[in-house]
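# Understanding the architecture of this molecule
As a plain string of letters, each chain reads:
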Amino acid sequence: MPRRLRLLTTATAGVTAALLLAGCGGGDGDKSDSNGKIAGADTEASVSASPSASASASESGRPKITLPSDVTLTFEGGQTGDAVKDAVLADGAERARAEDAAITGTDPKGEGLAYYNTGKALEATLSWVAQFKKANVTITGVVRYYDRKVTLKSKTSAILTFCGDESKGFSKNKKTNKINKTPVNKDSYVSYNTRLDKNSEGVWQTSQIISIRGAAQCQP
């Protein structure tokens, strides 16, 4: 498989119907993405920025998320001037960091996953992380997130769309440390459509995700 995030796209039948979001508007019911992959699984083994915790991790009650030094994740456009949209962007980013921490083993209990995901998104993310563990594979390199846009649907619901550049991110065998470097092509770029719901503690949890690898709008 060409990219590190496509390493484990052969999933069991119970996992493939993991996440939802019909098109770009959101919806109800379990659906995989338009490429027939695990919605979320094909999109999310990204990488995070250094062993230090992210800024929001220092806030009271939030899990401290750390990642290996060979994993870097960057997020463009984090400040919109709207406090609510900025909170959605921040918690959406923390979700990606939390998943990377679970995959790389810096959060073996998955505390960050449970904090920033809920419902079907949590179920699918746990399944995806488990596949990395089963294959004895981790991640390395750099992933960049860009064109991040928030649409507020209500006081407690939002749609967050963005693109991911995985051209410098790869899978790595845990036993041999061999990196599976692959050439850059259109599938190195992924579009994401996610729904976040604000819980009673004020955390914007991701509840639904769909991804499309090779999407035209994310091509450089």
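Sequence order as written defines residue numbering, which begins from 1 separately in each chain. Given that the model is predicted, a residue must reach a pLDDT of at least 70 before its local features are reported, and side-chain atom pairs must reach 80 or more before they are shown or counted; all residues, however, enter totals for whole chains, interfaces and linings. Side-chain measures here rest on the full set of heavy atoms in the structure, leaving out hydrogens and waters.

## Digging into the pattern of salt bridges
Just to be clear on terms, a salt bridge is a Lys or Arg side-chain nitrogen sitting within 4 Å of an Asp or Glu carboxyl oxygen. Following the criterion strictly, the structure yields nine salt bridges and no others. Glu166 is the partner of Arg213 in a salt bridge, and the nearest nitrogen-oxygen pair spans 3.0 Å. With Arg213 in strand β6 (residues 204–213) and Glu166 in strand β3 (residues 157–173), this residue pair connects regions lying 47 residues apart in the sequence. For the residue pair Arg213 and Glu166, the accessibility class agrees, reading buried in each case. For Arg195, the salt bridge goes to Asp197, with nearest N and O atoms at 3.0 Å. Between buried and exposed lies partly exposed: a residue is buried under 20% and exposed over 50% of the maximum accessible area for its type, with that area taken using a 1.4 Å probe on protein chains only. What makes Arg195 partly exposed here is its relative accessible area of 27%. One network of salt bridges, in which partners are shared, links Glu76, Arg144 and Asp165. Each helix is a run of H or I in the DSSP string that is no shorter than four residues. Each strand is a run of E no shorter than two, and both are numbered from the N terminus.

## A closer look at helix α4 (residues 119–135)
By this rule the span expected of a helix is its residue count minus one, scaled by 1.5 Å. For α4, built from 17 residues, the straight-helix expectation of 24 Å at 1.5 Å per residue is met to within 8% by its first-to-last C-alpha distance of 25 Å. Those residues of α4 lying buried are Ala121, Ala124, Thr125, Trp128, Val129, Gln131 and Phe132. Relative to the axis of α4, the buried residues are bounded by an arc of 150° and lie together on one face. α4 presents Lys133 and Lys134 as exposed residues on the side facing more than 90 degrees away from its buried surface. Following α4 by one or two positions, Asn136 adopts a phi angle in the positive range, close to 60°. Of all possible arcs, the one meant is that of the directions from the helix axis to the C-beta atoms.

## Here we look at the packing of aromatic side chains
Here a Phe, Tyr or Trp ring, Trp counted by its six-membered ring, pairs with any other such ring whose centre lies within 6.5 Å, and the pair is stacked when the planes are under 30 degrees apart, edge-to-face when over 60, and tilted otherwise. Tallied over the full model, the rule gives six aromatic pairs. Seen in terms of ring centroids, Phe75 and Tyr145 are 5.0 Å apart; in terms of plane orientation they differ by 20°. Their pairing is stacked. Of the two residues, Phe75 sits in strand β1 (residues 71–75) while Tyr145 sits in strand β2 (residues 137–152), which places them 70 residues apart along the sequence. Between Phe162 and Tyr192 the ring centres are 4.5 Å apart and the planes differ by 15°, which places this aromatic pair in the stacked class. Taken as a pair, Phe162 in strand β3 and Tyr192 in strand β5 (residues 189–198) lie far apart in primary sequence, 30 residues in all. One aromatic cluster is present, formed by Phe75, Tyr145, Phe162 and Tyr192 through successive ring pairs.

## Some thoughts on the state of the cysteines
To count as a disulfide, a pair of cysteine sulfur atoms needs to be within 2.5 Å. Following the criterion strictly, the structure yields one disulfide and no others. Paired through a disulfide, Cys163 and Cys218 show a sulfur-sulfur distance of 2.0 Å. Here Cys163 and Cys218 share a disulfide; its torsion about the S-S bond, -75°, makes the bridge left-handed. With Cys163 in strand β3 and Cys218 in the segment after β6, this pair connects stretches of sequence that are 55 residues apart. Among the residues examined, Cys163 registers a relative accessible area of 5% and is labelled buried.

## Observations concerning the nonpolar core
Counting 16 residues, the largest nonpolar core has Ile65, Ile103, Tyr116 and Phe132 as the members making the most contacts within it. Contributing elements (two or more residues each) for this core: α2 (83–104), α3 (111–116), α4 and β2. Counting residues per element, this core draws most heavily on α2, which supplies four residues. Remark: nonpolar core denotes a set of buried residues (Ala, Val, Leu, Ile, Met, Phe, Trp, Tyr, Cys) joined through side-chain atoms within 4.5 Å.

## Describing the environment of Ser191
Examined against the element boundaries, Ser191 turns out to sit in strand β5. What makes Ser191 buried here is its relative accessible area of 8%. Spatially, the C-alpha atoms of Ser191 and Asp147 are 9.5 Å apart, while their sequence positions differ by 44 residues. Setting aside residues up to four positions removed in sequence, Ser191 forms contacts with Phe162, Cys163, Ile210, Ser211, Ile212, Ala215, Gln217 and Cys218. Any two residues whose heavy atoms approach within 4.5 Å are treated as being in contact.

## Comments concerning the pairing of β2
Any two strands between which DSSP finds at least two bridges are classified as paired. Sheet analysis places β1 next to β2, joined by five bridges and oriented parallel. Following the sheet pairing, Leu73 is matched in β2 by Val143. One ladder, built from 13 bridges, connects β2 with β3; its direction is antiparallel. Looking at the pairing, Tyr145 lines up with Gly164 of β3. Counting the residues that bridge the hairpin from β2 to β3 gives four residues.

Any functional reading would require information beyond the geometric quantities listed.
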